Amino acid sequence: MNETTFDTFLALDIRAGTIISAEPFPEARKPAIKLVVDLGGAIGTKKSSAQITEHYTSETLIGRKVMAVVNFPPRQIGPFMSEVLVLGFPDKNGAIVLAAPDGDVPDGARLA
């Protein structure tokens, strides 16, 4: 593991948000779901492509709280522009489990 500095960590803008839209992304090379995440008034809604199909369906994601990096540059994924990186952890088989706040925090709350 490489060490980093606290300033590098502070450069990441990680925010809480709520998934307000989710739909299959059949054009993606690997199975994925297109998300729209409400990240609060200052940031608004942003799109993300997430490879989370092992544990989630589009229907089960609506209303779920997530954490996302909001200050990476947008990334073109096939015909879709992903604007934020939704965060998760691999389970024992490598499938992604979403990271979320453990409690009710407002959309847009910054990881401290």
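None of these values were measured; they are calculated from a predicted model.

A. Region of interest: the overall build of the protein chain. Scanning the protein chain from terminus to terminus reveals 2 helices and 9 strands. A compact globule built from 112 residues should have a C-alpha radius of gyration of about 13 Å, and the protein chain, at 14 Å, falls within 12% of that. Reported as C-alpha extents along the three principal axes, the dimensions of the protein chain are approximately 40 × 35 × 30 Å. Expressed as a percentage of its 112 residues, the buried residues of the protein chain come to 34%. When the accessible surface of the protein chain is summed, it comes to about 7,200 Å², and 55% of that surface belongs to carbon and sulfur atoms. Once the 11 positive and 13 negative side-chain charges of the protein chain are each reduced to a mean point, those two points are 5 Å apart.

B. Examining the environment of valine 97 more closely. Mapping valine 97 onto the fold places it in strand S9 (residues 96–98). Residue valine 97 is classed as partly exposed on the basis of its relative accessible area of 33%. Considered as a pair, valine 97 and leucine 61 are 36 residues apart in the sequence and their alpha carbons are 12 Å apart. In this structure, valine 97 is in contact with His55, Tyr56, Gly88, Phe89 and Asp91, ignoring residues within four places of it in sequence.

C. Spatial organisation of a nonpolar patch on the surface. A contiguous nonpolar patch, built from Phe6, Phe9, Leu10 and Leu111 and spanning about 380 Å² of accessible area, is present on the exposed surface. Residue position: leucine 10 is located in helix H1 (residues 6–11).

D. Spatial organisation of the sheet that holds strand S3 (residues 45–50). Strand order in the open sheet made by the 5 strands is S3-S2-S1-S4-S7, with antiparallel pairing throughout. Unpaired on one side and paired on the other, S3 and strand S7 (85–86) mark the two borders of the sheet.

E. View of the nonpolar core. Formed by 16 residues in total, the largest nonpolar core has its most connected members in Ile19, Leu35, Val37, Ile52, Leu61, Val86 and Leu98. Only strand S1 (14–24), strand S2 (33–38) and strand S4 (65–69) provide two or more residues apiece to this core. Among the elements that line this core, the one with the most residues is S2, at 3 residues. Discounting chain neighbours no more than four positions away, the residues touching leucine 61 are Ile19, Ala22, Ile33, Leu35, Ile52, Tyr56 and Leu98.

F. Focus on the pattern of salt bridges. Under the criterion given, the structure shown has 4 salt bridges. Notably, a salt bridge pairs glutamate 23 with lysine 34, separated by 3.4 Å at the nearest N-O pair. Of this pair, glutamate 23 sits in strand S1 while lysine 34 sits in strand S2, and the two are 11 residues apart along the sequence. By relative accessible area, which is 18% here, lysine 34 ends up buried. For the salt bridge of aspartate 107 with lysine 65, the shortest nitrogen-to-oxygen distance reads 2.7 Å. Of the two residues, aspartate 107 sits in the segment after S9 while lysine 65 sits in strand S4, which places them 42 residues apart along the sequence.

Rules behind the numbers
Residues numbered from 1 in each chain as written. Predicted model: local features only at pLDDT ≥ 70, side-chain atom pairs only at ≥ 80, totals over all residues. Heavy atoms only, no water. Helix = DSSP H or I, 4+ residues; strand = E, 2+ residues; numbered from the N terminus. Rg over C-alpha atoms; globule rule 2.2 N^0.38 Å. Buried < 20%, exposed > 50% of the residue type's maximum accessible area, 1.4 Å probe, protein only. Areas by Shrake-Rupley, 256 points an atom, 1.4 Å probe, with all protein chains shown as cover. Lys, Arg positive; Asp, Glu negative; His and termini not counted. Charge placed at Lys NZ, Arg CZ, Asp CG, Glu CD. Contact = heavy atoms within 4.5 Å. Patch = residues over 30% accessible without salt bridge, like charges linked within 9 Å, V, L, I, M, F, W, Y side chains within 5 Å. Salt bridge = Lys/Arg side-chain N within 4 Å of Asp/Glu carboxyl O. Pairing = 2+ DSSP bridges. Core = buried A, V, L, I, M, F, W, Y, C linked by side-chain atoms within 4.5 Å.

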